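# Coordinates in review
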Amino acid sequence: MNKFQSNLQKYPKLTKGIILGYIIFAGCFVFPFGNELFPFDFGKGYSVVVSYGIIGLGFAGILRWTVS
């Protein structure tokens, strides 16, 4: 675990790039809430809430790294 944390600290731009890449990927593919083939249901709603929660945590992490 210490090796993983030291690599994250050693390469901060790579870590930010991975987080931003996930934000872009999830933002593009989670947003269409429903369509004709797959109507909106509880499972999809839960997935949307969790995905955007992870996106929010990613933004909070980027902000923390940028400020400190």
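As the structure is a computational prediction, the values presented were derived from the model and not from experiment.

## Looking at the overall build of the chain
Of regular secondary structure, the chain possesses three helices and zero strands. Beginning at the N terminus, the succession of helices and strands in the chain can be written as α-α-α. Buried residues in the chain amount to 18% of all 68 residues. When contacts within the chain are restricted to residue pairs at least 6 apart in sequence, long-range pairs at least 24 apart make up 60% of them. Of the accessible surface of the chain, which amounts to about 5,700 Å², a share of 73% is contributed by carbon and sulfur atoms.

## A word on the nonpolar core
If you look at the biggest cluster of nonpolar residues, it comprises seven residues: Ile-19, Ile-23, Ala-26, Val-30, Val-48, Ile-55 and Ile-62. Elements represented by at least two residues in this core include exactly helix H2 (12–30) and helix H3 (42–67). A total of four residues in this core trace back to one element, the largest contributor, which is H2.

## Examining the side chain of Ser-51
Take Ser-51: it is sitting in helix H3. If near-sequence neighbours (up to four positions away) are discounted, Ser-51 is found in contact with Tyr-22 and Val-30.

The rules behind the values
Residues numbered from 1 in each chain as written. Predicted model: local features only at pLDDT ≥ 70, side-chain atom pairs only at ≥ 80, totals over all residues. Heavy atoms only, no water. Helix = DSSP H or I, 4+ residues; strand = E, 2+ residues; numbered from the N terminus. Buried < 20%, exposed > 50% of the residue type's maximum accessible area, 1.4 Å probe, protein only. Contact = heavy atoms within 4.5 Å. Areas by Shrake-Rupley, 256 points an atom, 1.4 Å probe, with all protein chains shown as cover. Core = buried A, V, L, I, M, F, W, Y, C linked by side-chain atoms within 4.5 Å.

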